Every structure is written in structure tokens, then in C-alpha cells.
Amino acid sequence: MSRKLALVTLADGADSGRVAELESAAALGQHLPGTVGGGHYTWDGIDEPVPSGFDDVADVDLVELELIDGVVADPSFAGEIKRTLLLRVEPDAPAESVAAFERDLMAMPDHIPAIVNWALSRVVGPPASRWTHCWEQEYYTLDGLKVDYMMSPHHWGLIDGWFDPEMPRKMVDLELAHVYHATDRSVLAAALG
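Residues numbered from 1 in each chain as written. Predicted model: local features only at pLDDT ≥ 70, side-chain atom pairs only at ≥ 80, totals over all residues. Heavy atoms only, no water.

Q: How do you make sense of the side chain of aspartate 44 when you look at a structure like this?
A: Topologically, aspartate 44 is positioned in strand E3 (residues 41-44). Under the relative-accessibility criterion, aspartate 44 is labelled buried at 10%. Side chain to side chain, aspartate 44 and lysine 82 meet in a polar contact 3.1 Å long. Ignoring anything within four residues of it in the chain, the contact list for aspartate 44 reads Arg3, Lys4, Leu5, Ala27, Lys82, Glu136, His181 and Val187. (Helix = DSSP H or I, 4+ residues; strand = E, 2+ residues; numbered from the N terminus. Buried < 20%, exposed > 50% of the residue type's maximum accessible area, 1.4 Å probe, protein only. Polar contact = N/O pair within 3.5 Å; in protein donor to acceptor, adjacent residues only side chain to side chain. Contact = heavy atoms within 4.5 Å.)

See the structure below:
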């Protein structure tokens, strides 16, 4: 199963009226303060390019995702936050290490109950994409992400070693997109359903 997702960056001085048109024409989630490396919006389920004539869009970082695994524990999710992490595993990483990294990510919901719905996918296109993986979660509250997830001993004790240049198993590039936005519905229930 594959689907598309895009990170949208507005041009400097974008016209607020034109941006409002774009927001109403697409399922855009506006990134909240604290996001890193992903522009202004996440566009889940993108099925067309940005409508023509939108000079107010500087960049659309489009990825095609192939699901590895995911769980929709609450299909009627009416929570608060959808988080997306796009990352790149280094090209020379051994396949068995990549598989171990993927297993460690997919085990996070077992250790962090604040993760309600989740999906881990490989980026399969476009061919020139800088990303290799997409790790998505949905939370009932922003604290679920900022406190329960980000401060979890499982996160810092196990997952961080894949990113930390001082750890021998480091294999994830430090340039990443860690973005999150408010939502009142489950993007993942629709995507994985």
C-alpha cells in the first residue's frame, strides 16, 4: 500500500489571502512552533500538485510512502496532534542494522502509551528524495508528544543511539524533518484503513 505526503514551504511574504485559498483547497496541517526542518505545512494524502498559480509556495517536498507497519488503536481519534518525522538512514548502513532500527521504532508504542495511532513507512519515491523513512504518530494531547514521547527513557536510552554521532551504531543523518500540527481527526485511520 502506498500513499503520498508533502511538506509545504511558503515563499517569503506570501499573500495571506492566497494562502487561505490554498488551505481550503488542500488538507493542510499548519506546523506548530517547535517543528524542525519541514516548512510550514504537512499535506497528508496529497493526490495532486499544488494548484497552479500559487506563487506563494516556495517548495513542496513530496514523498511516496510504502507502509512497513502501523496500528490504528483509535479509528475515531478526535485528538489534538499529528506528528511526522522524515529521516534518512545513511546509504552504507547494513541491512540488518536498518531492520533493527525499524523494529526499535515500531516498539516505541509498547513503551510510550501516549502514542495512539502510528505508522512507519519507507520512502519509495521520488527517486531523488533525500528521505528514506517516515515515522508518524497521533496523540490526544501535545504533552503526549512533548513530554511522554520526547522525554521517554525508551526514546533516549534506545532510539537516540541510532542518531547520536558519539554512538557506534549511529546511522541516521542528523538533517531531518520533525513536524507536528493540530488535528481533530485521524489522518492515519484514513490512510491505513
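Continuing now.
Q: Explain helix H2 (residues 95-111) to me, please; I cannot follow it from the model alone.
A: Each α-helix winds once per 3.6 residues, and so residues spaced three or four apart point in a common direction. Between its first and last C-alpha atoms H2 spans 25 Å; for 17 residues at 1.5 Å apiece the expected length is 24 Å, and the two agree. The set of residues buried in H2 consists of Val98, Ala100, Phe101, Glu102, Asp104, Leu105, Met106, Met108 and Pro109. Buried positions along H2 lie against strand E4 (57-72), strand E5 (81-87), strand E6 (117-125), strand E7 (133-139), helix H3 (142-149) and helix H4 (153-157). (Expected span 1.5 Å × (residues − 1).)

Q: Would you mind going over the pairing of E7 with me for this structure?
A: Successive side chains on a regular strand alternate, one facing one side of the sheet and the next facing the other. Judged by how many residues are buried, E7 sits mostly within the fold: seven of seven residues are covered. Side chains His133, Trp135, Gln137 and Tyr139 project from E7 onto one buried face, and the interleaved Cys134, Glu136 and Glu138 project onto a second face that is buried too. Pairing geometry for E5 and E7, over seven bridges, is antiparallel. Within the sheet, the bridge partner assigned to threonine 84 lies in E7 and is glutamate 136. With six bridges connecting them, E6 and E7 associate as antiparallel partners. Bridge pairing links asparagine 117 to glutamate 138 in E7. (Pairing = 2+ DSSP bridges.)

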